[in-house]
Amino acid sequence: MRRAACVLALLLSTWPALASAQQLRAVPIAAGLAKPTFVTAAPGDPSRLFFTEQHTGRIRIIDTATRSVLPTPFLTVPTVSTGAEQGLLGLAFHPDYAQNGLFFTNRTDAAGNTQIERYQVSPTNPNLALATPTSLLSVAQPQANHNGGWLGFGPDGYLYASLGDGGGGNDTGTGHTTGIGNAQDITDNLLGKILRFDVDSPPPSGQNYSAPASNPFVGREGDDLIWAYGLRNPWRASFDRATGDFWIGDVGQITVEEVDFQPATSAGGENYGWRLREGTIATPATGIGGPKPDGAVDPIYAYLHQGQGKSVVGGYVYRGPIEELQGKYFFGDTIGGNIWTITFDGSDVEDFDGANFTSFMDVSRMLAPIGGFQTLSSFGEDALGNLYLVELGSPFDPAPNGRIWMITPEPGTALLLAAGLAALKQAPQARAARRSRAKLRT
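Below you will find a few notes about this structure. Computed from a prediction, not measured in an experiment: that's the story for all the values here.

1. Considering the environment of Glu410
Turning to its location among the elements, Glu410 is positioned in strand β27 (residues 402-410). Judged by relative accessible area, which is 32%, Glu410 ranks as partly exposed. When the C-alpha atoms of Glu410 and Ala26 are compared, they prove to be 9.6 Å apart, with 384 residues separating the residues in sequence.

2. Brief notes about the pattern of salt bridges
Between side chains of opposite charge, a pair can form when the charged atoms approach closely. Overall, the coordinates contain nine salt bridges when judged by the stated rule. For Asp240, the salt bridge goes to Arg319, with nearest N and O atoms at 2.8 Å. Of this pair, Asp240 sits in the loop between β15 (234-239) and β16 (246-250) while Arg319 sits in the loop between β21 (312-317) and β22 (329-333), placing them 79 residues apart in sequence. With a relative accessible area of 5%, Asp240 lands in the buried category. In this structure Arg319 comes out as partly exposed when scored by relative accessible area, which is 23%. A single salt-bridge network, built from bridges that share partners, covers Glu53, Arg58 and Arg60.

3. What to know about the side chain of Asn147
Position of Asn147 relative to the elements: it lies in the loop between β10 (134-139) and β11 (151-153). Under the relative-accessibility criterion, Asn147 is labelled buried at 2%. Looking at Asn147, its side chain comes within polar contact range of the main-chain oxygen of Glu85, at 3.2 Å. Of note is the side chain of Asn147, whose polar atom sits 3.3 Å from the backbone oxygen of Ala144.

4. Comments concerning the sheet that holds β11
Pairing between sheet strands relies on hydrogen bonds along the backbone, with the strands arranged either parallel or antiparallel. With antiparallel pairing, four strands are arranged side by side in an open sheet as β11-β12-β13-β14. Pairing within the sheet leaves two strands with one partner each, and these edge strands are β11 and β14 (226-229). The average undirected angle you get between the axes of adjacent strands in this sheet is 20°.

5. Some thoughts on unusual backbone geometry
A cis amide bond links Trp274 with the next residue in sequence, Arg275, at an omega value of 20°. Following the sequence through the fold, Arg275 ends up in the loop between β17 (256-262) and β18 (277-278). Here Thr79, not a glycine, exhibits a phi torsion of approximately 45°, which is positive. Considering the arrangement of structural elements, one finds Thr79 in the loop between β6 (75-76) and β7 (88-93).

6. Details of the sheet that holds strand β24 (residues 357-362)
Reading across the sheet, the four strands line up as β21-β22-β23-β24 and stay open at both edges, with antiparallel pairing between neighbours. Either end of the sheet is taken by a strand with one partner, and the two such strands are β21 and β24. Averaged over all pairs of adjacent strands, the angle between strand axes in this sheet comes to 20°, irrespective of strand direction. Relative to β24, strand β23 (residues 339-344) is paired through four bridges, and the arrangement is antiparallel. Within β24, the position partnered with Thr343 by the bridge is Thr358.

7. A word on the packing of aromatic side chains
On inspection of all chains with the given rule, the structure shows 30 aromatic pairs. Ring centres 5.1 Å apart and planes at 45° place the aromatic pair Phe74 and Phe103 in the tilted group. One end of the pair, Phe74, is in the loop between β5 (68-69) and β6; the other, Phe103, is in strand β8 (residues 102-108), and 29 residues separate them in sequence. The exposure class of Phe74 is buried, given its relative accessible area of 1%. Residue Phe103 is classed as buried on the basis of its relative accessible area, which comes to 0%. The rings of Trp247, Phe261, Tyr301, Tyr303, Tyr329, Phe331, Trp340, Phe344, Phe352, Phe357 and Phe360 are connected pair by pair, giving a single aromatic cluster. Against the face of Trp274 rests Arg232, its NZ or CZ located 5.5 Å from the ring centre. One residue, Arg236, lies across the ring of Trp235, its end atom 4.0 Å from the ring centre.

Conventions used here
Residues numbered from 1 in each chain as written. Predicted model: local features only at pLDDT ≥ 70, side-chain atom pairs only at ≥ 80, totals over all residues. Heavy atoms only, no water. Helix = DSSP H or I, 4+ residues; strand = E, 2+ residues; numbered from the N terminus. Buried < 20%, exposed > 50% of the residue type's maximum accessible area, 1.4 Å probe, protein only. Salt bridge = Lys/Arg side-chain N within 4 Å of Asp/Glu carboxyl O. Polar contact = N/O pair within 3.5 Å; in protein donor to acceptor, adjacent residues only side chain to side chain. Pairing = 2+ DSSP bridges. Axes fitted to C-alpha atoms, helices over the stretch in contact; angles between N-to-C directions. Phe/Tyr/Trp six-rings, centres within 6.5 Å; stacked < 30°, edge-to-face > 60°. Lys NZ or Arg CZ within 6 Å of the ring centre and 35° of its normal.

Right under this line is the structure:
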């Protein structure tokens, strides 16, 4: 208590300087959208944002100067499933898009299977794509949920993709490997994994990609593409554009949500523990949970469902124009509608325990509109490093009501003071989380 009082006194003594810092607000960029699932930008293009619509299969363009949605879709992806968690889920532009016009999509088709495909922009119209895809990969999905669906290019120039464990509960049942589940199966099984593609090298016969020689399981038939495993439903991931570190939001089952971290120096091959582990604990389901596998990596942030949410949405490390936010990782929760920031504390991987962060800040109240966010589906980043929030919209309104928001500064308020006060709460929160984990272990 004495330490907290001293820190608070220090913060209050510097109030005049802190008061000139910037608070945040969310500014609407587009509204009335049909279940948007992701927003991104082409490399080096600050004039446009591209967003995906889950069940229409459309990729649409926002003119950032006028903040208007162009009437003609950039592309309508064919045969998209309209299941609850299925549809058009991912979009990534090639790092050399300005030269080659290539981009990639991740969808579930009418049968519910994952399709990762390549498209190309029209040579005569930059706001229109050619409609014919080239298939990279097709993966059967046993159930309708846990599709993953994120795509992104790493600083190494390779394409990364997230796939969930195949759905259902406990990674069990039809289409799941008996005894261990899909996520722990690294014998010709791509479910519950992060995949890594080389889309530029001359492909082997019959493929439109190759597996990078540095992939950790290259040479094992069926496993060449695996970069990391032990994931339940990796719903949104990102690379820190400044450091190359990799962040993954992995949705928990009934108890814990987690944020996983892979340093830029990693050679891949991390096991994040599911189905044996849910966050930092043994999965509570009878006959499913167990001790952490040898060498498995715990999350750097984990939270219990009570009071915070039940479905994590991975975000981005901020690298935009707001100086006070540099290095802070933004993420949120679909069910709770909460949005938080943390900063990685630099811990060694072997010391990850779910509390490897500093500067925890709850920015939900700063950013949320009246009535809160309606089903947060994703974060996004533009060519300048600005961050965006994407919400599917209320499921109770039959009209398209999804929205995209831009996180912007609001001058004259005290963001730094809020961060400092939140930091005072961080230690007891971490202790409480550890106590909760200890109770769950017993």
